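Residue strings, one per chain:
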Amino acid sequence: MTEVQLFGLWGSFFSHRIEIALKLKGVEYEFIEEDLSNKSPLLLQYNSIHKKVPVLVHKGNPIAESRVILEYIDDTWKGHPILPENPHERANARFWAQFIDEKCRVALRNAYGCQEKEREEEATREACELLKTLENELKNRRFFGGDKIGLVDIVANFIGFWLGAIQEALEVKLFTEDRFPKLYRWSEEFVNCSIIKESLPPRDKLISFMRRRYGLSS
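Residues numbered from 1 in each chain as written. Predicted model: local features only at pLDDT ≥ 70, side-chain atom pairs only at ≥ 80, totals over all residues. Heavy atoms only, no water.

## Some points on the overall build of the chain
Heads up, the condition is: Secondary structure is summarised from DSSP: a helix means a run of H or I of at least four residues, a strand means a run of E of at least two, and numbering begins at the N terminus for each. It is over C-alpha atoms that the radius of gyration is taken, and the globule rule equals 2.2 Å times the number of residues to the power 0.38. Note on classification: 1.4 Å probe, protein chains only; a residue is buried when its accessible area is under 20% of the maximum for its type, exposed when over 50%, partly exposed between these limits. Note on contacts: a residue pair is in contact if any heavy atoms of the two residues lie within 4.5 Å. Residues scored as charged are limited to Lys and Arg (positive) and Asp and Glu (negative), so that His and the chain ends carry no count. Here the site of a charge means atom NZ of a Lys, CZ of an Arg, CG of an Asp or CD of a Glu.
For the chain, the helix and strand inventory stands at ten helices and four strands. Relative to the globule expectation of 17 Å for 218 residues, the C-alpha radius of gyration of the chain, 17 Å, shows essentially globular dimensions. Seen along its three principal axes, the alpha-carbon backbone of the chain occupies a region of about 50 × 45 × 30 Å. Here the chain holds 218 residues, and 48% of them are scored as buried. Sequence separation of 24 or more characterises 67% of the internal contacts of the chain that already satisfy a separation of 6 or more. Taken as two groups, the 32 positive and 34 negative side-chain charges of the chain have centres that lie 1 Å from each other.

Here is the structure:
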């Protein structure tokens, strides 16, 4: 048994956040694929509160919740920094990571999952406003972390890769280069990094999964 184990799901962007961080740090780990319709006793033991992936187990000690795990990885292993050293910059990175999870991701889920036309238009407007706010924070930097991938970039993996798969599955265009030129350029730069490529699921498989998830034929 390896010292580091990751309980996750192949199509989960939360799980892939952890894989990105571990690979950036050069940490060897064992990936344990979970079946969320039949959760393993170990997952239920290690994350008895939420009973969800991802869960990182290091030397037998479990850590749950993806953003918490990312900070644990950064504190535990040297190498590629995930959070900046400067306290203000660290706080700022945490703020934008939370903004992505609690604002952008929720708004995008509402925009793509809404059944009523009027509410869909309202949800789309809100999602676009939030993405534009995020784009303004990116400014003209290569990554949110500057020249290197950092916490905000990793948490934004949903926007960088999963969002495109969802759009192709549903045949909609919300996140486009015309609307968000800087953020779109960031997404291209992000997914084309070699370590990120290694940490992403097959696109075709993900698109088929999303079509089934939204009640469409695969």
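## A word on the layout of surface pockets
This is how the line gets drawn: A 1.4 Å probe that fits but cannot get out identifies a cavity on a 1 Å grid over protein atoms alone, an open set with protein on both sides within 12 Å along at least five of seven lines counts as a pocket, and a residue lines either if it has an atom within 4 Å of a point. Grid points are joined across faces, edges and corners, and a volume is the space filled by probe spheres set on the points. Under this grouping Gly is polar, as are all residues other than the nonpolar Ala, Val, Leu, Ile, Met, Phe, Trp, Tyr, Cys and Pro and the charged Asp, Glu, Lys and Arg. Domain start and end points were adopted from an automatic or database domain assignment.
If you add up the space inside the largest pocket, you get close to 730 Å³. Lining of the largest pocket is provided by 31 residues; of these, Ser12, Phe13, Phe14, Arg105 and Arg213 occupy positions nearest its centre. Contributing elements (two or more residues each) for the lining of the largest pocket: helix H1 (13–25), helix H3 (66–76), helix H4 (87–113), helix H7 (157–170) and helix H10 (203–213). Top element by residues in the lining of the largest pocket is H4. It accounts for seven residues. Taken together, the residues of the lining of the largest pocket break down into 15 nonpolar, five polar and eleven charged. When residues of the lining of the largest pocket are assigned to domains, at least three map to each of domain 1 (4–76) and domain 2 (87–214).

## Some remarks on the pairing of strand E3 (residues 55–58)
Heads up, the condition is: Strands pair, by our definition, only if DSSP identifies at least two bridges between them.
Of the two faces of E3, both are covered, the one formed by Val55 and Val57 as well as the one formed by Leu56 and His58. The pairing of E3 with strand E4 (residues 61–64) spans four bridges and is antiparallel. Among the inter-strand pairings, Leu56 is bridged to a residue of E4, identified as Ile63. A loop of two residues connects E3 with E4, the two strands running antiparallel in sequence, and Lys59 in this loop sits at a positive phi of about 55 degrees.

## Here's the deal with the UniProt feature "domain: GST N-terminal" (unreviewed entry) in the chain
For clarity, the cut-off: UniProt positions are given in the numbering used here, feature names are shortened, and annotations may be inferred rather than shown by experiment.
Taking the numbering used here, the UniProt-annotated feature "domain: GST N-terminal" (unreviewed entry) corresponds to residues 2–81. The distance from the first to the last C-alpha atom of residues 2–81 is 23 Å, and the span holds 38% helix and 21% strand.

## Looking at H1
Formally: The span expected for a helix works out to 1.5 Å for each residue beyond the first. The term polar contact refers here to a pair of N or O atoms within 3.5 Å; inside protein, the definition further demands a hydrogen-donor-capable atom paired with an acceptor-capable atom, and it admits residues adjacent in sequence only when both atoms are side-chain atoms.
The end-to-end C-alpha separation of H1 is 18 Å, in line with the 18 Å expected for 13 residues at 1.5 Å each. Here H1 lies mainly inside the structure; eleven of its 13 residues are buried. For H1, the full list of buried residues reads Phe13, Ser15, His16, Arg17, Ile18, Glu19, Ile20, Ala21, Leu22, Leu24 and Lys25. Of the residues that open H1, the one with a side-chain oxygen 3.2 Å from the backbone nitrogen of Phe14 is Ser12.

## Here we look at the sheet that holds E4
Note the cut-off: Whenever a helix is involved, its axis is fitted only over the stretch in contact; in every case the axis is a line through C-alpha atoms, and angles between N-to-C directions fall within 0 to 180 degrees.
If you walk across this open sheet you meet the four strands as E2-E1-E3-E4, and the pairing is mixed. Strands with a single pairing partner mark the edges of an open sheet, and in this sheet they are strand E2 (30–33) and E4. Taking the axes of each pair of neighbouring strands and ignoring which way they run, one obtains an average angle of 20 degrees across the sheet. Note: strand E1 (residues 4–8) against E2, four bridges, orientation parallel. Among the inter-strand pairings, Phe7 is bridged to a residue of E2, identified as Ile32.

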